[in-house]
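Report on the structure
Chain by chain, the residues:
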Amino acid sequence: MPIQPSQAADPIHVVVVGAGAVGSFLGGMLAAAGHDVTLLGRRLVGDSEAGTVVLEGPSDTRTVRVRRTLDPAAIAPPDLVIPAVKMFDLAGALGVASRWSDAPLLTVQNGVGAEEAALAARTATVLGGSLTTAVEPVPGGVRRRRTGGMGVAPVRGGPDAASMVARLAASWTGAGLPARAYADWAAMKWSKLLANLVGNATSALLDLDPSTIYGDPRTFPIERRQLLEAVAVMRAMGHAPVSLPGANVGLLLQGLSLPGPLARPIVARAIGGVRGGKSPSLRLHLRGGGTGPTEVRWLNGAVAEHGARLGVPTPVNATLAALVDEAAADSGRAAWWRARPDRLRDAVDAGIRAG
């Protein structure tokens, strides 16, 4: 397989903290655009070539050159740091990144809260990113399940932040990952949160595909209500939803305004393709043998937390967050919810009454 040569006229040095699927993909795409990329952390399963990443896409396969290391001390000062880890591992990744305290840092985590954590941990430029492409590890690299895209926005910083955002968006787009720059990072992140919420907690609890949940009159109202709660919180914060490359949030909101039988296919069309056939993250964790905490705290839990602070009722999100945490801690409870939409409906109804 040919190795794609660098093309950037003025490449930057990017360090990706966390060499899992997302980190390898984002770093690999920047390497494909000609930038100097170092992947810090574990290698993907079956990765046989230390200095390359294989990028399998919907229409082609490329191999790009990268550096890999397990030793942060061996890395020269970078121009950009990307901590590409789950939210529950972000504090540790920010600790590693603290050795390059002057470098701009780009958060790419699902949910909300990563940018606030980065702002608290650093004084340098902070950028936010939202990836809408589903990726999975394959031998030697990653497979991209659908085209999707990337949103990038400045969080803190002056002209240098805007310049880096524009450069990253252009680099990813040039490499084949459609990317767009946004002015309001919180609107971008909360809009991505809407896509993260769809068919995620419910799929994890019931161990059912999102398409089944969309089509079931017992579970679709739960989906609709959790999303409407999230939009209400978002608007109370002063942020308008925006569509992202690969995630048509406008179509999603249009679908939510319609009666259930009309809304279900529109919502499925707006969001279902984002997953590219990949199971939702919470289901993969809860039903795929994952251990430790899930990311629900930064998904449904974040909606409930912000809603409580702003006086916006969020009983469905609060209930779903509590149930996922309960199931993650107790395999017996996880089994009790499996394929029982009636039980989930009753639990959510009880949460609404109590809230």
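Our subject is the structure listed above.
First things first, this report covers the structure right here in the doc. (Residues numbered from 1 in each chain as written. Predicted model: local features only at pLDDT ≥ 70, side-chain atom pairs only at ≥ 80, totals over all residues. Heavy atoms only, no water.)

1. A few points about the side chain of R144
Its place among the elements puts R144 in strand β11 (residues 141–144). Despite its burial, R144 pairs with no opposite charge; the closest candidate is D60, at 6.3 Å N-O. Ignoring any residue separated from it by four or fewer positions in sequence, one finds R144 in contact with F25, M29, E56, G57, P58, T133, A134, V135, G176, L177 and P178. (Helix = DSSP H or I, 4+ residues; strand = E, 2+ residues; numbered from the N terminus. Buried < 20%, exposed > 50% of the residue type's maximum accessible area, 1.4 Å probe, protein only. Lys, Arg positive; Asp, Glu negative; His and termini not counted. Salt bridge = Lys/Arg side-chain N within 4 Å of Asp/Glu carboxyl O. Contact = heavy atoms within 4.5 Å.)

2. Some thoughts on the packing of helix α8 (residues 220–236) against helix α9 (residues 249–256)
To characterise two packed helices, one gives the angle between the axes of the helices and the distance between these axes. Two numbers describe how α8 lies on α9: the axes approach to 11 Å, and their chain directions differ by 120 degrees. Of the possible angle classes, the one that applies to α8 and α9 is oblique. Like other packed secondary-structure pairs, α8 and α9 cross with a definite hand, here left-handed. The residues of α9 that touch α8, namely those facing R224, L227, L228 and V231, are L252, L253 and L256. (Axes fitted to C-alpha atoms, helices over the stretch in contact; angles between N-to-C directions. Parallel < 35°, antiparallel > 145°, perpendicular 65-115°, else oblique. Left-handed = near helix turned anticlockwise from the far one by under 90°.)

3. Focus on helix α1 (residues 21–32)
Between its first and last C-alpha atoms α1 spans 16 Å; for twelve residues at 1.5 Å apiece the expected length is 16 Å, and the two agree. The element α1 is largely enclosed, with a buried count of eleven among its twelve residues. (Expected span 1.5 Å × (residues − 1).)

4. Things to note about the packing of aromatic side chains
Tallied over the entire structure, the rule returns one aromatic pair. Taken together, a centroid distance of 4.9 Å and an interplanar angle of 80 degrees make the contact between W336 and W337 edge-to-face. A residue is classified by how much of its surface remains accessible, and W337, at 2% relative accessible area, is buried. When the ring centre of W336 is taken as origin, the NZ or CZ atom of R333, which lies over that ring, is 4.6 Å away. (Phe/Tyr/Trp six-rings, centres within 6.5 Å; stacked < 30°, edge-to-face > 60°. Lys NZ or Arg CZ within 6 Å of the ring centre and 35° of its normal.)

5. A look at the packing of helix α5 (residues 185–197) against α8
For the pair α5 and α8, interaxial distance at closest approach is 10 Å and the crossing angle is 170 degrees. Taken together, the axes of α5 and α8 are roughly antiparallel relative to one another. Counted together, A187, W190, S191, L194 and L197 of α5 and E223, Q226, L227, A230, V231, V233 and M234 of α8 form the full contact between these two elements. Considering only residue class, the contact of α5 with α8 consists of nine nonpolar, two polar and one charged. (Nonpolar A, V, L, I, M, F, W, Y, C, P; charged D, E, K, R; others polar.)

6. What about unusual backbone geometry?
With a phi angle near 55 degrees, D207 is a residue other than glycine that sits in the positive phi range. When you line up the elements, D207 lands in the loop between α6 (201–206) and α7 (210–215). Phi at A339 takes a positive value of approximately 55 degrees, unusual for a residue other than glycine. You can see A339 is positioned in the loop between α14 (331–337) and α15 (341–354).

7. Regarding the nonpolar core
If you look at the biggest cluster of nonpolar residues, it comprises 42 residues, and the most contacted ones within it are L205, L320 and L344. With sequence-adjacent residues up to four places away left out, L205 is seen in contact with L286, R287, L320, L323, V324, A327, A334, W337, R338 and L344. In this structure, A21, V135, L168 and A169 belong to the second largest nonpolar core, which totals 38 residues. (Core = buried A, V, L, I, M, F, W, Y, C linked by side-chain atoms within 4.5 Å.)

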